[in-house]
Amino acid sequence: MADKVLIVDDDISICKLLEKVMHSNELDTEVAGSGKEALELLKHHTYDVILMDIMLGDMEGFDVIKELRANGIQTPVMIVSGRNEDYDSLYGLSIGADDYITKPFSPSELVARVKAHLARYERLIGSNTPENDTVEIRGIRIDKTARRVWVNGEEKQFTTKEFDLL
């Protein structure tokens, strides 16, 4: 399954450019034209990376990032903005953005940064969540690590001895 990128920008031409660049590098995209739309999408969907403009029509991208982090969303956020002042990038990074790239940007550099963040995030979340040793056969799923058993999707309770015998 391809990685999914959320593009948050109120400029349709930038959104189309970013979509084209991401698709040409086998990344799926979804677009939010405002900060509120982005927050609504993030309530119901997960993304692997977020490309965020600062200057949105309804709110600043900084405020969107603050709300994401306050809600525990740890998805990598890359600010892609026309504002190139040092204090903008420093502020963005200080509130939880993972990267800051200014417009105009090199599409190949943007993709390289996106892929680097995707790889880093995968390493971080992958290292914290070891896979459980599970066995599944004829409608019975046994999680040997968690010592749990499901029969036809319904969890069954076993004593320690019963589980050991199983």
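Scroll up for the structure.
In this convention, every chain numbers its residues from 1, walking through the sequence in written order. Predicted model: local features are reported for residues with pLDDT of at least 70 only, side-chain atom pairs are reported and counted for 80 or more only, and whole-chain, interface and lining totals are derived from all residues. For the side-chain quantities, the full set of heavy atoms in the structure was used; hydrogens and water were omitted.

Draft legend 1. Up close: the overall build of the protein. Secondary structure counts use DSSP, requiring at least four H or I residues in a row for a helix and at least two E residues in a row for a strand, with both numbered from the N terminus. On a plain count of helices and strands, the protein comes out with six helices and nine strands. Overall, the protein is about 65 × 35 × 25 Å in size when its C-alpha atoms are taken along their principal axes. Burial here depends on accessible area, computed with a 1.4 Å probe over protein chains only, as a share of the maximum for the residue type. Under 20% is buried, over 50% is exposed, and the range in between is partly exposed. Within the protein, the fraction of its 166 residues that count as buried is 36%. Here the analysis covers contacts within the protein between residues at least 6 apart in sequence; of these, 52% occur between residues at least 24 apart. Surface summary for the protein: the accessible area is close to 10,100 Å², and the carbon and sulfur share equals 50%. In the protein, 20 side chains carry a positive charge and 31 a negative one; their mean positions are 6 Å apart. The contact criterion used is simple: two residues touch if any of their non-hydrogen atoms lie within 4.5 Å. What sets the accessible areas is the Shrake-Rupley method with a 1.4 Å probe; for residues, cover comes only from the shown protein chains. When charges are counted, neither His nor the chain ends are considered; positive counts come from Lys and Arg and negative counts from Asp and Glu. Note on charges: their place is set at NZ of Lys, CZ of Arg, CG of Asp or CD of Glu.

Draft legend 2. Here's a closer look at the pairing of strand 4 (residues 77-81). Along strand 4, five of the five residues are buried, which leaves the element largely enclosed by surrounding structure. Pairing between strands requires that DSSP locate at least two bridges from one strand to the other. Of the pairings in the sheet, the one linking strand 3 (residues 49-52) to strand 4 comprises three bridges and is parallel in character. Paired with Met-52 across the strands is Ile-79, a residue of strand 4. Crossovers are described as right-handed under a simple rule: with the strands pointing away from the observer, the path leading from the first strand over the helix to the second runs clockwise. Where the polypeptide runs from strand 3 across helix 3 (residues 61-70) and back to strand 4, its parallel neighbour, the crossover connection is right-handed. With four bridges joining them, strand 4 and strand 5 (residues 99-102) adopt parallel strand pairing. Paired with Ile-79 across the strands is Tyr-100, a residue of strand 5. Since strand 4 and strand 5 lie parallel, the crossover through helix 4 (residues 86-94) that links them has a hand, and here it is right-handed.

Draft legend 3. Looking closely at the environment of Pro-104. Tracing the chain through its elements places Pro-104 in the loop between strand 5 and helix 5 (107-128). Overall, Pro-104 belongs to the exposed group, its relative accessible area being 80%. Taking the C-alpha atoms as reference points, Pro-104 and Val-80, separated by 24 residues in sequence, lie 9.1 Å from one another.

Draft legend 4. Spatial organisation of the nonpolar core. Nonpolar cores were defined as sets of buried Ala, Val, Leu, Ile, Met, Phe, Trp, Tyr and Cys residues, with membership established by side-chain atoms within 4.5 Å. In terms of nonpolar packing, the biggest core is built from 22 residues, with Leu-6, Val-8, Ile-50 and Met-52 touching the most fellow members. Breaking this core down by element, the ones donating at least two residues are strand 1 (4-8), helix 2 (35-44), strand 3, helix 3 and strand 4. Membership of the second largest hydrophobic core comes to 18 residues, among which are Val-49, Leu-51, Leu-110 and Val-114.

Draft legend 5. Broad picture of the side chain of Ser-81. Mapped onto the elements, Ser-81 comes out in strand 4. Taking the relative accessible area as the measure of exposure, Ser-81 reaches 0% and is therefore buried. Nitrogen and oxygen atoms within 3.5 Å of one another constitute a polar contact, given that in protein one can donate a hydrogen and the other can accept it, and given that sequence-neighbouring residues count only through two side-chain atoms. For Ser-81, the side chain forms a polar contact with the main-chain nitrogen of Arg-83, separated by 3.0 Å. Sequence-distant contacts of Ser-81, that is, excluding residues within four places in its chain, are made with Asp-53, Ile-54, Tyr-100, Ile-101, Thr-102 and Lys-103.

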